[in-house]
Amino acid sequence: MTANIYLVKALDYYPYNLEEALESLNYAMAYEENNPIALCLMGRVQLEIFKDYPQANSYFREALAASVNYLETYTYFLDCLLIQEEFEEMAKLLAFARKRKGIDRALMFYYEALLLEKQLKFKKAQKAIKEAMMLAQTGSFMSDLEEMKKRIEKKVALK
């Protein structure tokens, strides 16, 4: 129970009060070192604050090893892999993530489109965007997909 109190504090402080967030996160991890939420948050700190992508990857892997059902880990891990251009590993993670109950399937198609766009496979990216649009459940996400669609259409025209 104590680990959860520190974990809630860490989540509440991050990213606005980094010092307090890290202190609470370290306490939470001291109580429960294999907590997938704590490991994912530590990965996020490495990814978003310190830009230490290999270290972030390590934390995300540990988080998934602790629990494949903590779905938050997938999106941050996918972001990290995309930044590093680890395309093969990203494709494998996407395939695995899609099998998880409760995963946002529209978001997984969005990440697939990002991956394909980075690989300059624009036609396939357009198909993934279409799938994401069919599954999108919010207007803001639909707007993001529309913007992505326009961006890729411009790239197709350049090609």
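Residues numbered from 1 in each chain as written. Predicted model: local features only at pLDDT ≥ 70, side-chain atom pairs only at ≥ 80, totals over all residues. Heavy atoms only, no water.

So, on to the side chain of Glu 117. By the secondary structure assignment, Glu 117 is in helix α7 (residues 105-118). Look at Glu 117 and you get buried, because its relative accessible area is 6%. Here the side chain of Glu 117 touches Lys 155 through a polar contact of 2.6 Å, side chain to side chain. Excluding residues within four positions of it along the chain, Glu 117 makes contact with Phe 122, Ala 125, Met 148, Arg 151, Ile 152 and Lys 155. (Helix = DSSP H or I, 4+ residues; strand = E, 2+ residues; numbered from the N terminus. Buried < 20%, exposed > 50% of the residue type's maximum accessible area, 1.4 Å probe, protein only. Polar contact = N/O pair within 3.5 Å; in protein donor to acceptor, adjacent residues only side chain to side chain. Contact = heavy atoms within 4.5 Å.)

Judged by nonpolar contacts, the single largest core of 51 residues is most densely connected at Leu 25 and Phe 60. If one sorts the elements of this core by residue count, α7 sits on top with eight residues. Not counting chain neighbours up to four residues away, the residues in contact with Phe 60 comprise Cys 40, Gly 43, Arg 44, Leu 47, Thr 73, Tyr 76, Phe 77 and Cys 80. (Core = buried A, V, L, I, M, F, W, Y, C linked by side-chain atoms within 4.5 Å.)

Looking now at the packing of helix α5 (residues 72-83) against helix α6 (residues 87-97). As a packed pair, α5 and α6 sit with axes 9 Å apart at the nearest point and diverge in direction by 165°. Classified by the interaxial angle, the pair formed by α5 and α6 is roughly antiparallel. Between α5 and α6 lies a crossing of left-handed hand. Contact with α5, carried on its side by Tyr 74, Phe 77, Leu 78, Leu 81 and Leu 82, involves Glu 89, Met 90, Leu 93, Leu 94, Phe 96 and Ala 97 of α6 and no other residues of that element. (Axes fitted to C-alpha atoms, helices over the stretch in contact; angles between N-to-C directions. Parallel < 35°, antiparallel > 145°, perpendicular 65-115°, else oblique. Left-handed = near helix turned anticlockwise from the far one by under 90°.)

Another point: the pattern of salt bridges. Pairs can form between side chains of opposite charge whenever their charged atoms are close. In this structure the tally under the stated criterion is eight salt bridges. Across the salt bridge formed by Glu 85 and Lys 118, the nearest N and O atoms sit 3.7 Å from each other. Taken together, the residues Glu 85 in the loop between α5 and α6 and Lys 118 in helix α7 connect sequence positions 33 residues apart. Given the relative accessible area of 38%, Lys 118 is considered partly exposed. For Lys 92, the salt bridge goes to Glu 88, with nearest N and O atoms at 3.6 Å. Pair noted here: Lys 92 and Glu 88 are both in helix α6, with a separation of four residues, about one helical turn. Accessibility expressed as a relative area gives 61% for Glu 88, which makes it exposed. One continuous salt-bridge network, built from bridges that share partners, spans Glu 117, Arg 151 and Lys 155. (Salt bridge = Lys/Arg side-chain N within 4 Å of Asp/Glu carboxyl O.)

Scope: geometric values only; no functional claims are made or implied.
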